[in-house]
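What the coordinates show
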Amino acid sequence: MNFVYVIEMYLENKFLSPGHVNHSIFWKNLAPVREGGGEPLKGSLGWAIDTHFGSLEALAQKMSAEGAALQGSGWVWLGVDKELKKLVVETTANQDPLVTKGPSLVPLIGIDVWEHAYYLQYKNVRPDYLKNIWKVINWKYASEVFEKECPLRLDALPGASCPL
Ligand SMILES: [Fe+2]
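What you see is a predicted model; the values in this text were computed from it and never measured. (Residues numbered from 1 in each chain as written. Predicted model: local features only at pLDDT ≥ 70, side-chain atom pairs only at ≥ 80, totals over all residues. Heavy atoms only, no water.)

Details of the packing of aromatic side chains
Let me state the cut-off plainly: Between rings of Phe, Tyr and Trp, where Trp is taken as its six-membered ring, a pair exists when centres lie within 6.5 Å; planes separated by under 30 degrees are stacked, by over 60 edge-to-face, and by other angles tilted. Comment: elements are numbered from the N terminus, with helices defined as DSSP H or I runs of at least four residues and strands as E runs of at least two. Burial status follows relative accessibility: with a 1.4 Å probe on protein chains alone, a residue under 20% of its type maximum counts as buried, one over 50% as exposed, and anything between as partly exposed.
The full count for this structure, using the stated rule, is 6 aromatic pairs. Relative to tryptophan 75, the ring of phenylalanine 26 has its centre 5.7 Å away and its plane inclined at 90°; by these criteria the two rings are edge-to-face. Of this pair, phenylalanine 26 sits in helix α2 (residues 16–29) while tryptophan 75 is found in strand β1 (residues 74–81), placing the two residues 49 residues apart along the sequence. The pair formed by phenylalanine 26 and tryptophan 75 is uniform in burial state, with each residue classed as buried. On the numbers, 6.2 Å between centres and 55° between planes, the contact of tyrosine 122 with tyrosine 129 is tilted. For the pair shown, tyrosine 122 and tyrosine 129 are each scored as buried. An aromatic cluster is defined as three or more aromatic residues linked by ring pairs; in this entry it consists of Phe26, Trp27, Trp75 and Trp77.

Structure representation (C-alpha cells):
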C-alpha cells in the first residue's frame, strides 16, 4: 500500500465521524461511465443548475477552480440550502462537513480534494483530477437528494433555485 496514502488516511481519520459521513457521500457521488457516471442531468436539479450557474459546465468549472484553490486538504461541495431553496458551492477544510458552513445546507456532490484521493492517478496535480472527475460524477444520486430536499413548491422564494 502507498505510504503517503496510509499516513493521510490516518490523519484524516483523526476526524473520524465527519470523515466517514463525507466519504459516504463521495462514494455515492461516483459511478463508472457504464453505470451512468458523467451522464448529463435531467429533471429539476438540471433546471436549477442552469438557472443558478448558467450551465452544468459552468458549475463544474467553478467547483474545479474552488477545489484547486483550496489550501491544504479538504472538500469542495455542491449543496442546496433547504431553507433558502438555493444551490451553493462551498469548500471546507480537512474533514469539516458542509453543514459547518450553514445549518440548512445539504450536500448534493462532495469532492474529496485530499491528496490521497488523486495521488495514484494524478500525482500532485489536483487540477487534472478535478478536470476529469466530472466524467464519473453520479448526477442521478445528486438529483434524488435535491428532489427530496427541494420538492416542487408553489411558495418558493423569488430568485430561488427550486423550480416553481
Ligand atoms: Fe478521502
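Quick notes on the layout of surface pockets
Selection criterion: The distinction between a cavity and a pocket rests on a 1 Å grid over the protein atoms alone: a 1.4 Å probe fits inside a cavity but cannot get out, while a pocket stays open yet meets protein on both sides within 12 Å along at least five of seven lines, and a residue with an atom within 4 Å of a point counts as lining. Grid points are joined across faces, edges and corners, and a volume is the space filled by probe spheres set on the points. Three categories are distinguished: nonpolar for Ala, Val, Leu, Ile, Met, Phe, Trp, Tyr, Cys and Pro, charged for Asp, Glu, Lys and Arg, and polar for the others, with Gly belonging to the last.
Taken as a whole, the second largest pocket encloses approximately 160 Å³ of empty space. What lines the second largest pocket is simply Glu35, Gly36, Glu39, Pro40, Leu41, Lys42, Asn138, Trp139, Lys140 and Ser143. Taken together, the residues of the lining of the second largest pocket break down into 3 nonpolar, 3 polar and 4 charged.

Some details on the nonpolar core
Most often, soluble globular proteins have nonpolar side chains that are buried together. To keep things clear, this is the line we draw: Working definition of a nonpolar core: buried Ala, Val, Leu, Ile, Met, Phe, Trp, Tyr and Cys residues. They are joined through side-chain atoms within 4.5 Å. Throughout, a contact is declared for two residues whenever any of their heavy atoms are within 4.5 Å.
In terms of nonpolar packing, the biggest core is built from 42 residues, with Ile49, Leu78, Leu87, Ile111 and Trp139 touching the most fellow members. Contributing elements (two or more residues each) for this core: α2, α3 (43–53), α4 (56–69), β1, β2 (86–93), β3 (105–112), α6 (126–132) and α7 (139–149). In contact with tryptophan 139, other than residues within four places in its own chain, are Glu39, Leu41, Leu45, Ile49, Leu56, Leu59, Leu78, Ile109 and Trp134.

Thoughts on the pairing of β2
The cut-off we apply is this: In this analysis, strands are considered paired if DSSP registers two or more bridges between them.
For β1 and β2, the ladder comprises 8 bridges, and the chain directions are antiparallel. Its bridge partner lying in β2, tryptophan 75 is registered against threonine 92. Between β1 and β2, which pair antiparallel and follow one another directly, the connecting turn spans 4 residues, one of which, lysine 85, has a positive phi of 60°.

Here's the deal with α4
Note the threshold: A helix is expected to span 1.5 Å multiplied by its residue count minus one. Think of it as the arc spanned by the lines of direction from the helix axis to the C-beta atoms.
With 14 residues, α4 extends 20 Å between its outermost C-alpha atoms, agreeing within 8% with the 20 Å of an ideal straight helix rising 1.5 Å per residue. Burial in α4 covers these residues: Leu56, Leu59, Ala60, Met63, Ser64 and Gly67. Taken around the axis of α4, the buried residues stretch over an arc of 130°, which confines them to a single face. Of the exposed residues in α4, the ones pointing more than 90 degrees away from its buried face are Glu57, Gln61 and Ala69. Elements that come into contact with the buried residues of α4 comprise α3, β1, β2, β3, α6 and α7.

By themselves, these figures tell us nothing about what the structure is for.
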